[in-house]
Amino acid sequence: MNPKNSSVNKILNESAKLNKLAPVSKAVFARLTRIAQDTLNVPIAFISLVQEGREYIQYYSGPDIPQFLSSFDSFSRTILENNILEVNDTESDVRLTDYPAIKNHSYIRSYSAIPLIGQNQRRLGFFWVLNKSPRVLLANERELLDFLAESISSEVQTSLSLEVQSNEQRLLSILEGTNIGTWEWNVQTGDTVFNERWAEIVGYTLSELEPISIDTWMSLAHPDDLEHSGELLNKHFSGELEFYDCKARMRHKNGSWIWVHDRGRVVSRTDDGEPLIVSGTHADITLQMQAKQELESQRLFLENIFNSDVSAFIVINEDGRFTYANNEAIRVLGLQLNDSPKDNEATFDDPRWHITNIDGSEFPNDKLPFAVVSRTKQPVKDIKHAIRWPDGEWKALSVNGAPLLNAFGETEYVFAVRDITQQVLLEEALRESEAQFRSLVDNMPGVTYRCRYDEEWTMLYLSDKVDPLSGYPASDFIQNKVRSYDSVIHPDDKKMASIAVEKAIEEHTDWLIEYRVLHRDGSVQWAKEKGRPVYDKNGDVEHLDGFILNVTDDKSNRIELENQLSAFKALNDISSIAGTETLERLNLALALGSSYLGLELGIVSQIQESEYKVVAFTAPENAELKNGQTFALSNTYCDITLNANDVITIDEMKSSEYRGHPCYQSFTLESYIGVPLYVEGKRFGTLSFSSTTSRENSFRETEKQFIRLMARWVSTTLELKNQQATLERSEQRLRGLFELSPIGIALNDYETGAFVDLNAALLLSTGYTRDEFISLSYWDVTPREYEAEEFKQLKMLDTTSRYGPFEKEYIRKDGSRYPVCLHGMLVEDNSGRKLIWSIIEDISERKRNDEIKNQFVSTVSHELRTPISSITGSLQLLLGGATGELPKSAVEMIAIALKNSSRLSLLIDDILDLEKLLAGRIEWSIETLSVHSLFKDIIERNEPFAKRHNVTLSVEDIDPALEIDVDAQRFEQVITNLLSNAVKFSSSGDIVTLNAKKEELGVRISIIDRGEGIPEEFHPRVFEKFAQANASNTRKTGGTGLGLSICKEIVEQLGGTIDFESNPGGTVFNITFPYRNKTLGENNG
Amino acid sequence: MTKLERVLVVDDEQDIQAIAKLSLERVGGLETLICSSGREAIDKVQVFAPNIILLDVMMPGLDGPATLSILKEKGLVTNIPVVFFTAKVLDKEIEELHSCGAFDVISKPFDPMKLPSILEDIWRRSQ
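Residues numbered from 1 in each chain as written. Chains lettered and ligands numbered in written order. Predicted model: local features only at pLDDT ≥ 70, side-chain atom pairs only at ≥ 80, totals over all residues.

S.K.: Go over the overall build of chain A, please, and point to the residues and values.
M.R.: A count of helical and extended segments in chain A gives 33 helices and 39 strands. The buried share of chain A, taken over its 1085 residues, is 27%. Within chain A, contacts between residues separated by at least 24 positions form 52% of all contacts whose residues are at least 6 apart in sequence. (Helix = DSSP H or I, 4+ residues; strand = E, 2+ residues; numbered from the N terminus. Buried ≥ 20, exposed ≤ 12 C-beta atoms within 10 Å, placed from the backbone. Contact = placed C-beta atoms within 7 Å.)

This is the structure:
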């Protein structure tokens, strides 16, 4: 090394700080670099070592070349791997494109760097040789360099180990001096080394813990901390954390848990880069942790108290800012304080609220709790004020406060704030209700008093309400100043009052009395008094307290009520009059009315024009009055009543406006009450009561109401009488009908079954006389086998009040039976007797007809089918070859014969189907079919028949697209029937035409013949069953007389219509089938 | 018995007799005995020992149901199915025929070409 090379020295000094190699190394380096320089004839050779990822020149031999040294970083960066780097010519080497400092170096044109490899293939640095000119190293030159590099590596390795050893020693001595334990852990093998101090921390000696492994630590660590420790370790292994740093609990030998702080790092790794050795320190931090926990628990405790929401706490600093507020305080103040008090802008006089007295008046700022405490430095107690927000919400608060010196020596002010809003509101409500109560007493209708228990009832206190009761002011009565209260009590009631009070005093109870008070204006007022005695200590009466109510109005109401009750009773008596003749009932009612009203004369009159007729009356015995007696209307007070069309009352005629009335002149009737009568909505007459004496009291509203109601009763009674007359007439009419009815009618007693009444028709069917029948019992005419059915019908009658219709038989007088159909209903006569009305229809004829019909169907069926069976059977055997081979022409003919006999057979079936048709039991198979092809088949099948009659069947042009919705078989049946009729009634050589047209409502099909036509008198019966125009035709044409009935039935059930036009020139049958006939088919499935 | 062999036909109508005979013998290859009345059938059934009896309903004297009732009473048809042969077609009538003990009912008109196979079917069902 050349000591003059100042720039080199500078660099070397820097390296020396980083790596202190043993002094012996420098001599070795000098020798080795020299060998390289001399042997290879290179001007520069030097050694660089790796320190913290960078190359530093460790030893240099050669000239001082400032450009080189300053660009050494560039040189070192060209080394990419642990391989030898050989640059033969810096100017042409493509690897140096990005290194202009090397490329354009004025001195160096070529260089080589040989890696220095230590233990575990760890790269220690490089051995460099540099040339001024381009150069390619020879093989032996490269070998030499490798050898030199190996020697340098070995020297560096040795030197480094020595350095580490001395460092270790030094560090150990430092650690031993502290109270820190150390550990080293081989991650791969689990071997662990602790120092003595480590063991001491957990209360052991190292020898006690033998054999030591990582399990020693695991077994002592708190199970809850293992996971966290593992996580930290992994993070460190992965490079996420620079150190493993963990605080965990460990079990001390004495059984307690201690806190330890472990710190460590990976000091070496395996070749695969896996952590190998981890070492670190181990400190006891138990005291530290305990202190921290204690602090934490104290803080939590205080926080819990503050946040218990029982009281609001706030802390305000010298500036008037809130530094703390608990939850309750936040609620009370309506503020949300930030977590950090320093960030709070809120102050005690926050402009968001307005502080007032609780009653809303202004609260002086200098009296605010904060202002007072901060000024006086003295505590304050129970300062009450309200806090109000702009939205109208407010709270009443009570505040206590005190100054407080905090831990930093600053003065703060602590306040406890109580929300007393509810309390304030309650007090207010109480005050209000007191005021209300006072005003209530003042406004009470009664008189309150306090008086002495003496003769005069000497008043000590009397409320003003005595004035309306007596007409005198309260002051008159106090101490009997002007008059005593006794003086205004009605003389007749005084004794009763004294007795009641005396009794109450004796019994120590209240009294409740009613008495009259003589009012100043001369009227009598009714008073109701409730009072009680007040006794002194000796049990003597000290005074009387009480309450007097003016009940004058109540009293008169009660009298009116009594009046109403007697009116009600009278009306009740009147409406209870029953069972007698109308006139008698009216007379009785008038007597009751007369008694109630206290008027001796009562009349129900009928008025026709100007005539007044007495219908019913009640009068003193000496009165000359008769039913039916007439007067001129103008001579009765009733003309007034009729004119007024309402109740008229006259209390005293001589003083009334009617005193000049002719009635008064004639009869001197002083008092009168009358009302118009209406019967069935028409004016009938009047109901009136009168007396020769005038009324003591005026007619009251109740009495007017009474006569109105009585008038209504009279009207109803008269209406009932009319209705009875009408009913009687109606009964007579019905009786006539009953007797004339062609259907039997009977009336039976519900309980006994006995016949009560019956008509002529029933007698005729049964052969009994009326008297005979009435004497019969029910089972004399009804066969016993119908008992069950009868019972069923009776049950129906009980539940629905009706029975039937049902069929049974009746037994005639001669013992024979006939079928009947019965139905009827339950009725009740006036006396409540239950009766059964029955309609008994003689259905013999109907049954006979049904029988005939069924017989016919059965006979026709059998008689027609038997020969057809023979015909078709024979033909089928022939055609089937049972009798041997037939000629072809014969087969054809037999086939036609068979086809038509089958058709006839089908036709018979259809005739029988008529039954089903009429009963609606036919199953339809509706399809949309082409009219054209339907006609084609029909014509083909009917052609032979037509030919036999020498008639031509013709089809007019039919639209091939024309379709109808029909049952094909039934359709053919109809058309065939009509065609065959047409053919039969045509003359030889005629043409029968078939036509079909599309019309608005459907398809219209016409069958046209040119025969002699249907006789006009037969037109109405064409479609009737078994109807034929000419009975002899049956034989001639072979018809059954059912054909057209079946056609009509089928067409109509298919939803179509059938009609005809006929004249002597021919007949046209028209059938119209509507479009969309599907529903019928769908319904029938 | 594995095969239908003998049929007894009871019908008063000569035409039907002829057709039935031709049908059963020629078409069906069955041994056929024709009886013109119920009485005759009662007399001959035991000797002929038919596999099946075809019995007309409407006959003078003993009609079909009456004949069947006597046959049953005498125990002559214990294992022989009796089939009614009728021109009656009302549902009610068919129902009545079934209820008096007929194994089946064949309605007229019938197809004589198919009668043997129909009887064959009925006989098989009766086994």
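S.K.: I'd like a rundown of the overall build of chain B, residues and numbers included.
M.R.: Check the secondary structure of chain B and you find five helices and five strands. Starting at the N terminus and walking to the C terminus, you meet the elements of chain B as β-α-β-α-β-α-β-α-β-α. Residue burial in chain B is summarised as follows: out of 127 residues, 40% are buried. Taking the intrachain contacts of chain B between residues at least 6 apart in sequence as the baseline, contacts between residues at least 24 apart amount to 64%.

S.K.: Describe the environment of Leu794 of chain A, naming the residues involved and giving the relevant values.
M.R.: Relative to the helices and strands, Leu794 of chain A resides in helix H26 (residues 787–800). Residues Leu794 of chain A and Tyr750 of chain A, 44 residues apart in the sequence, show an inter-C-alpha distance of 9.5 Å.

S.K.: Which residues make up the sheet that holds strand S32 (residues 834–842) of chain A, and what values do they have?
M.R.: All names here are of chain A. The strand order across the open sheet built from five strands is S29-S28-S32-S31-S30, with neighbouring strands paired in antiparallel fashion. With partners counted over all chains shown, the strands left at the sheet margins are strand S29 (755–758) and strand S30 (802–811), one partner each. Ignoring which end each strand starts from, the neighbouring axes of this sheet average 30° apart. Direction of pairing for S30 relative to strand S31 (residues 817–828): antiparallel, over a ladder of eight bridges. Across the sheet, the residue bridging to Phe806 is Leu822, located in S31. Against the sheet, H26 makes contact with S30, S31 and S32, and its axis sits at roughly 155° relative to S30, the strand it touches most. (Pairing = 2+ DSSP bridges. Axes fitted to C-alpha atoms, helices over the stretch in contact; angles between N-to-C directions.)

S.K.: Break down the interface of chain B and chain A for me, citing the residues and quoting the values.
M.R.: Contacts between the two partners involve 19 residues from chain B and, on the opposite side, 19 residues from chain A. A class-by-class count of the residues in the side of chain B that touches chain A yields twelve nonpolar, one polar and six charged. (Nonpolar A, V, L, I, M, F, W, Y, C, P; charged D, E, K, R; others polar.)

S.K.: Give me the lowdown on unusual backbone geometry, citing residues and values where you can.
M.R.: Cis geometry marks the peptide bond from Glu210 of chain A to Pro211 of chain A, where omega comes out at -10°. Tracing the sequence through the fold places Pro211 of chain A in the loop between helix H8 (206–209) and helix H9 (214–220). In the segment running from Lys108 of chain B into Pro109 of chain B, the intervening peptide bond is cis, with an omega of 0°. As for its position among the elements, Pro109 of chain B is in the loop between strand S5 (104–107) and helix H5 (115–126). In the Ramachandran plot, Asp382 of chain A falls in the positive-phi region, its phi being about 50° despite a non-glycine side chain. Summarising the element assignment, Asp382 of chain A is placed in strand S14 (residues 380–388). With a phi angle near 50°, Glu609 of chain A is a residue other than glycine that sits in the positive phi range. Mapped onto the elements, Glu609 of chain A comes out in the loop between strand S22 (601–608) and strand S23 (611–618). When the 6 C-beta atoms within 10 Å are taken as the criterion, Glu609 of chain A is described as exposed.

S.K.: An account of the sheet that holds strand S38 (residues 1057–1063) of chain A is needed here, citing residue identities and associated values.
M.R.: Strand pairing in a sheet is mediated by backbone hydrogen bonds. Such pairs are either parallel or antiparallel. All names here are of chain A. Judged by pairing direction, the sheet is mixed, and its five strands sit side by side in the order S34-S36-S37-S39-S38 without closing on themselves. The open sheet has two edge strands, strand S34 (952–955) and S38, and neither has a second partner. Adjacent strand axes in the sheet meet at a mean angle of 15° when their direction is disregarded. In this sheet, strand S37 (residues 1002–1009) lies alongside strand S36 (residues 991–998) in antiparallel orientation, the contact comprising six bridges. Bridge pairing in S37 links Lys998 to Val1003. Contacts from helix H29 (residues 931–948) reach S34, S36 and S37 within the one sheet, and its direction differs from that of S34 by about 175°.

S.K.: Can you break down the packing of helix H18 (residues 552–575) of chain A against helix H22 (residues 701–740) of chain A residue by residue, with the values?
M.R.: Residue and element names in this part refer to chain A. With their axes 10 Å apart at the nearest point, H18 and H22 run at an angle of 10° to one another. As far as their axial angle goes, H22 and H18 are roughly parallel. On H22, the residues touching Glu560, Asn563, Gln564, Ala567, Ala570, Leu571, Ile574 and Ser575 of H18 are Thr702, Glu703, Phe706, Leu709, Met710 and Trp713. Among the residues forming the contact of H18 with H22, the class breakdown is eight nonpolar, four polar and two charged. (Parallel < 35°, antiparallel > 145°, perpendicular 65-115°, else oblique.)

S.K.: Account for the packing of H18 of chain A against helix H19 (residues 582–597) of chain A, naming residues and giving values.
M.R.: In helix packing, the relevant descriptors are the interaxial angle and the interaxial distance, both defined with respect to the helix axes. Residue and element names in this part refer to chain A. Between H18 and H19, whose axes approach to 9 Å, the crossing angle comes to 170°. Taken together, the axes of H18 and H19 lie roughly antiparallel to each other. Residues Ser566, Ala567, Ala570, Asp573 and Ile574 of H18 form the contact with H19, whose own contacting residues are Ala589, Leu592, Gly593 and Tyr596. By residue class, the composition of the contact of H18 with H19 is six nonpolar, two polar and one charged.

S.K.: Pulling in residues and values, what's your account of helix H30 (residues 968–984) of chain A?
M.R.: Over its 17 residues, H30 of chain A runs 24 Å from end to end, which matches the ideal 24 Å to within 8%, given 1.5 Å per residue. Most of H30 of chain A sits inside the fold, with 14 of its 17 residues counted as buried. (Expected span 1.5 Å × (residues − 1).)

S.K.: Quick rundown of H5 of chain B? Include the residues and the values.
M.R.: Residues and elements named next belong to chain B. Under the 1.5 Å per step criterion, the end-to-end length of H5 is 16 Å for twelve residues, consistent within 8% with the ideal 16 Å. Residues of H5 that are buried: Leu115, Pro116, Leu119 and Trp123. Viewed along the axis of H5, the buried residues span an arc of 95°, placing them on a single side of the element. Opposite the buried face of H5, by more than 90 degrees, sit the exposed residues Asp121, Arg124 and Arg125. (Arc of directions from axis to C-beta.)

S.K.: How would you sum up the pairing of S29 of chain A? Please name residues and give values.
M.R.: All names here are of chain A. The pairing of strand S28 (residues 744–749) with S29 spans three bridges and is classified as antiparallel. Counterpart to Leu747 in the pairing with S29 is Asp757. Linking S28 to S29, which pair antiparallel, is a turn of five residues; within it Gly753 sits at a positive phi near 85°.

S.K.: Requested: an account of the environment of Leu425 of chain A, with residues and values cited.
M.R.: All names here are of chain A. Turning to its location among the elements, Leu425 is positioned in helix H14 (residues 421–443). Overall, the presence of 11 C-beta atoms within 10 Å leaves Leu425 in the exposed class. Placed 29 residues apart in sequence, Leu425 and Ala396 show a C-alpha to C-alpha distance of 9.1 Å.

S.K.: Talk me through the nonpolar core; I want residue IDs and the actual numbers.
M.R.: Inside soluble globular proteins, nonpolar side chains tend to come together where they are buried. Residues Val604, Ile673, Leu687, Ile707, Met710 and Val714 of chain A are the most contacted members of the largest nonpolar core, which totals 42 residues. Ignoring sequence-local partners within four residues, the contact set of Leu687 of chain A consists of Val604, Gly674, Val675, Leu677, Ile707, Met710, Ala711 and Val714 of chain A. Counting residues in hydrophobic clusters, the runner-up holds 41 residues, among them Leu24, Cys35, Val57 and Trp123 of chain B. (Core = buried A, V, L, I, M, F, W, Y, C linked by C-beta atoms within 7 Å.)

S.K.: Tell me what's going on with the confidence of the model for chain B, and back it up with residues and numbers.
M.R.: Here chain B averages 88 in pLDDT, and 94% of its residues register 70 or above. Among the scores for the predicted complex, ipTM is 0.79 and pTM is 0.31. (pLDDT = per-residue confidence, 0-100.)

S.K.: Any details on the environment of Leu233 of chain A? Residues and values, ideally.
M.R.: For Leu233 of chain A, the location among the structural elements is in helix H10 (residues 223–237). With 20 C-beta atoms counted inside 10 Å, the residue Leu233 of chain A sits in the buried group.

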